[in-house]
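# Architecture and fold: a report
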Amino acid sequence: MQKFARAISRVAAWLEQIVRVVSMLVVGFLICMVFLQVARRTLTGKSIVEIEELSIVLASWVAFLTISYAVRKRVHVRIDVLTAKLPFRVQHVLELLIQVAIFVMAIVLVVFGWQLAQNKMMVPMTVLPINSIWWYISYPVGMSFTCFFLFDNVVQELATVVTGQDPREPSQEEG
């Protein structure tokens, strides 16, 4: 169980780096585009409509990718005043149940997001010369990353419940 948990965690760490780099690049590109848009609007009084629409599409991608990154880092808001007072195993069993519930919901969101993207596949964007699928596909793609990171969380919590120690931390025998 420990080896499987560590292997899944290594793959998740690799995917985390991809999500982080892509998100940072898109945010940087968004900042540059919006700066140019504001500068043009200030200097000429006119805006570039394509930049506005592309900004919306890219913001959607950033939102769903960073949701998955936050799941991986476990930085979503949680209130653990009561659970922190419970015994170690009970805490991790509750965390496992929460992670499984969120995982199931994330799978549902991937399925519905994919259906939505398929419905919008041939609908053209208002200004950009692309179809709306490039906007709507951000939802199932981002939620797919979220699902994998949640799967990693479930495996890690299950290993913690079974063994009584966090598989991400090296054990005493391994040095």
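Residues numbered from 1 in each chain as written. Predicted model: local features only at pLDDT ≥ 70, side-chain atom pairs only at ≥ 80, totals over all residues. Heavy atoms only, no water.

### Some words on the packing of helix α3 (residues 88-119) against helix α5 (residues 138-163)
- Two elements in contact, α3 and α5, have axes separated by 8 Å at closest approach and are oriented at 160°. Relative to α5, α3 is oriented roughly antiparallel. Considering how the two elements wind past one another, α3 and α5 form a crossing that is left-handed.
- Across the contact of α3 with α5, the residue classes tally to 21 nonpolar, seven polar and three charged. (Axes fitted to C-alpha atoms, helices over the stretch in contact; angles between N-to-C directions. Helix = DSSP H or I, 4+ residues; strand = E, 2+ residues; numbered from the N terminus. Parallel < 35°, antiparallel > 145°, perpendicular 65-115°, else oblique. Left-handed = near helix turned anticlockwise from the far one by under 90°. Nonpolar A, V, L, I, M, F, W, Y, C, P; charged D, E, K, R; others polar.)

### With respect to the pattern of salt bridges
- With the rule as written, the count across this model stands at six salt bridges.
- We note a salt bridge from Glu16 to Arg72, for which the minimum N-O separation is 2.9 Å. You can see Glu16 sitting in helix α1 (residues 2-44) and its partner Arg72 sitting in helix α2 (residues 49-73), a full 56 residues away along the chain. Of the two residues, Glu16 and Arg72, neither departs from the other in class, the shared state being buried.
- For Glu52, the salt bridge identified is with Arg41, shortest N-O distance 3.6 Å. In this pair, Glu52 is assigned in helix α2 and Arg41 in helix α1, connecting sequence segments 11 residues apart.
- The partly exposed category is assigned to Glu52, whose relative accessible area is 35%.
- Linked through salt bridges whose partners overlap, the residues forming this network are Glu16, Arg72, Lys73 and Asp152. (Salt bridge = Lys/Arg side-chain N within 4 Å of Asp/Glu carboxyl O. Buried < 20%, exposed > 50% of the residue type's maximum accessible area, 1.4 Å probe, protein only.)

Just distances and angles here, no functional claims.
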